[in-house]
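Results of the structural survey
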Amino acid sequence: MTNKLPPISQLGPFIALLIACVAFGATTDRFFSGENFSLILQQVTVVGVIAIGQTLIILTAGIDLSCGMIMALGSIVMTKLAADMGLPAPLAILAGVGVTALFGLINGLLVTRIKLPPFIVTLGTFNIAFAITQLYSGAQTVTEVPPLMTWLGATFPVGGTNVAYGTILMILLYLGVWFWLRETQSGRHVYAVGNNPEATRLVGIPPEKVLLGVYVLAGVFYGIASLMSVARTGVGDPNAGQTENLDAITAVVLGGTSLFGGRGMILGTLIGAVVVGVLRNGLTLMGVSSVYQVLITGILVIVAVTVDQLSRKGGR
Amino acid sequence: MQKRTLTAALITAAFAVCSTAQAAEPVIGLITKTETNPFFVKMKEGATAEAKAKGAKLLSGAGKTDGDNAGQVAAMENMIAAGAKTILITPSDSKAIIPAIKKAQAKGVMVIALDSPTDPQEGTDALFATDNYKAGVLIGEYAKASMAGKPVKIATLDLFPGHPVGAQRHNGFLKGFGLASNDAKNNELAKPAEVVCQADSFGDRAKGQTAMENCLQKNPDINLVYTINEPAAAGAFNALQKAGKDKGVMIVSVDGGCDGIKDVAAGKIAATSQQYPLKMASMGVAAGIEYATSGKKVSGYTDTGVTLIAAKPVAGIDSKDTKVGTDLCWGKK
């Protein structure tokens, strides 16, 4: 029975996306165009890449509230180092990603060494990263950004549609992580730790090591998201990132990953992020107030979590 | 027993010393919506400078995010405990803050709203603020004169649903343009046929960019964009530029921050209505000192003024150039 259909919790996100697309396609004639889809993808790159890190952490039965603020800090660090201190762009980008990885490491150490709950640890680092961002930037937007940092926001034509390099990078990152989780031993350890940390310890895998690696890796993804955010807006914005933590968790949950850990798929998260982008775009095209986008997203989150809960019970 | 009485006496004496020290120096509290928005950072700087010059003590506090009412209430309680007799506040939630203000007033504290009114406006002793409706009217009139009778397709990048300042600027803009609109007291966004796309920017650059991109998908012929503030305008310009439409589309905005004035000078924003947070703050501090010394309260609404700043003047519209705008702007010059 190798051709068995994936369970509903994994098909759910695709079904939701299909329904949304058909509905918007039927109500507005401007929805189905390459240009429009390219735009929707560009609009979800920042949350999309943050959500990769968030998925990995949620797979280990953790959660990360600090992701958006760490992303904002990374983008301020890289743009300020380049604009104020004249650091070459590649070094400044590396420094920015270094800072976000460091925050990932701090989260990871607090979770694994002192055994603090991830929710509280990342609530703390959420505030710390926000404060450092404001203090370091003086609450000022950094506008003199070197061209290399905005390159990911540039587009190239593919059969009449302009596709952004950032979109391509996001998709490549998703495919890379999908392959890693599915085909490599270290990737499967992420699921194992989320399912049953004690069992993994018994078979000789220290769960602390896996967890620490996941948090640092998530930090690296937040750093890449920092660069994506700079590329998209063309500035280092100290007020960015304030809602991205819940937006990323929304994408992960809509994508069918279980908040209890150990179950889910990374490509679902991409679909989850795109669903939110499609709703925002489609409802604007229809001329509907943004409150309805919030309403529909809320309903979808509840549906996704319910499906997960029911399929867990069914699996027993 | 003796000992306890002595301790009590000492404590009373200590309090007495404290309160005489306070009486010598009027204490004024300033509560902004957030600590981070440059508009409020400038407001705090203006208040601190004025307080220092006139020998008053300024306490400052803020909510954590825009809309954080509980944080503002806590700040107000703490400041009154610290001896503040005047509270200057930019209400995050125009209705929810009212009970806390009533409590403060019952203790003899004068409360002045800065920048945005409470609902009802009479909830505070006085209001020092920009006339946001007029700010909208000015950029609407400017856009109308610039368009010189050409047919318009308008996109409005608004704040978020239900905020009075967002509605006042939006409706003022449409009124100034001579379109069907709501009056200054109405919190509904008017939507005449000329407005082909209406989206929320949350006053944020990235969200403004996303909103503009989606509007261009809805109607590629948009030629006039109203934005709630200059970060949203910068995001809109970014979207237009990426779509290769930055030349033929006019953006108007409200705020007059230094970054915004730079964008006016660079031709990204055609015109903006500049407001004056420093003036609101220094007027508030002056009123607080007056109340502390003479016991006289201020009352009613004082318009702190708004100036139309445009790089290109148009016939029949009174505007100032970006040099004037830069001299008066708030934020980093």
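All of these numbers come straight from a predicted model, not from anything done at the bench. (Residues numbered from 1 in each chain as written. Chains lettered and ligands numbered in written order. Predicted model: local features only at pLDDT ≥ 70, side-chain atom pairs only at ≥ 80, totals over all residues.)

Okay, the overall build of chain B next. A count of helical and extended segments in chain B gives 11 helices and 12 strands. With the principal axes as the frame, chain B shows a C-alpha extent of 85 × 35 × 30 Å. Across the 333 residues of chain B, 55% fall into the buried class. Within chain B, contacts between residues at least 6 apart in sequence are counted, and of these 70% link residues at least 24 apart. (Helix = DSSP H or I, 4+ residues; strand = E, 2+ residues; numbered from the N terminus. Buried ≥ 20, exposed ≤ 12 C-beta atoms within 10 Å, placed from the backbone. Contact = placed C-beta atoms within 7 Å.)

What follows covers the interface of chain A and chain B. Contacts between the two partners involve 24 residues from chain A, matched on the other side by 22 residues from chain B. Elements supplying a minimum of two residues to the side of chain A that touches chain B: helix H2 (34-43), helix H10 (207-233), helix H12 (266-286) and helix H13 (290-315) of chain A. Here the residues of the side of chain A that touches chain B are counted per class, giving seven nonpolar, 13 polar and four charged. (Nonpolar A, V, L, I, M, F, W, Y, C, P; charged D, E, K, R; others polar.)

With that settled, the discussion passes to the domain arrangement of chain B. Residues and elements named next belong to chain B. By the assigned domains, chain B splits into domain 1 (2-130 + 277-298) and domain 2 (132-274 + 308-328). Look at where the C-alpha atoms of domain 1 and domain 2 centre, and you get two points 34 Å apart. Class assignment for the residues of the side of domain 1 that touches domain 2 results in two nonpolar, three polar and no charged. (Domains from an automatic or database assignment.)

On to the sheet that holds strand S12 (residues 307-310) of chain B. Residue and element names in this part refer to chain B. Sheet architecture is open: six strands sit in the order S7-S6-S8-S9-S10-S12, paired in mixed fashion. One side of each edge strand has no neighbouring strand; the edge strands of this open sheet are strand S7 (195-200) and S12. Strand-to-strand, the axes of this sheet are offset by a mean angle of 15 degrees, without reference to chain direction. Helix H6 (residues 164-176) contacts strand S6 (154-158), strand S8 (224-227) and strand S9 (250-255) of the sheet and is inclined by roughly 165 degrees relative to S6. Of the strands in this sheet, S6, S7 and S8 touch helix H7 (residues 205-218), which is tilted by about 155 degrees from S7. (Pairing = 2+ DSSP bridges. Axes fitted to C-alpha atoms, helices over the stretch in contact; angles between N-to-C directions.)

Residue and element names in this part refer to chain B. Read from one edge of the open sheet, six strands run S2-S1-S3-S4-S5-S11, paired in parallel fashion. Of all strands in the sheet, those bounded by a partner on one side alone are strand S2 (57-62) and strand S11 (300-303). Each neighbouring strand pair of the sheet contributes to a mean axis angle of 20 degrees, computed without reference to strand direction. Summarising the sheet, strand S1 (residues 27-32) and S2 pair through six bridges and their orientation is parallel. Bridged to Thr-32 within S2 is Ala-62.

Among the secondary structure elements, Glu-25 of chain B is positioned in the loop between helix H1 (2-24) and S1. Residues Glu-25 of chain B and Val-306 of chain B, spaced 281 residues apart in sequence, show a C-alpha to C-alpha distance of 33 Å.

Quick look at the pairing of S7 of chain B now. All names here are of chain B. With five of six residues buried, S7 is to be regarded as a mostly interior element. The pairing of S6 with S7 spans five bridges and is classified as parallel. When the bridges of S7 are listed, Ile-154 appears paired with Val-195. Assessed by its sense of winding, the connection that carries the chain from S6 through H6 to S7 is right-handed. (Right-handed = clockwise from strand over helix to strand, strands pointing away.)

This part is about the environment of Met-286 of chain A. All names here are of chain A. Relative to the helices and strands, Met-286 is located in helix H12. By the C-beta count within 10 Å, which is 15 here, Met-286 ends up partly exposed. Distance from Met-286 to Ala-131, taken between C-alpha atoms, is 39 Å for residues 155 residues apart in sequence. Filtering out sequence-adjacent residues up to four positions away, Met-286 remains in contact with Thr-27 and Thr-28.

This part takes up unusual backbone geometry. In this model, Asp-119 of chain B is joined to Pro-120 of chain B through a cis peptide bond whose omega is 5 degrees. Structurally, Pro-120 of chain B can be placed in the loop between strand S4 (110-114) and strand S5 (126-129). Of note in this structure, Lys-115 of chain A is not a glycine but carries a positive phi near 60 degrees. By the element assignment, Lys-115 of chain A lies in the loop between helix H5 (89-112) and helix H6 (118-137). Residue classification places Lys-115 of chain A among the exposed positions, given that 8 C-beta atoms sit within 10 Å. Within the chain, Phe-202 of chain B stands out as a residue other than glycine whose phi angle is a positive 55 degrees. With respect to the helices and strands, Phe-202 of chain B occurs in the loop between S7 and H7.

Bringing helix H4 (residues 67-85) of chain A into the picture now. Residue and element names in this part refer to chain A. For H4, which comprises 19 residues, the first-to-last C-alpha distance of 26 Å matches the rise-based estimate of 27 Å (1.5 Å per residue) to within 8%. Taken across its 19 residues, H4 has 16 buried, putting it largely inside the fold. Positive backbone phi, approximately 70 degrees, marks Gly-86, located one or two places after H4. (Expected span 1.5 Å × (residues − 1).)

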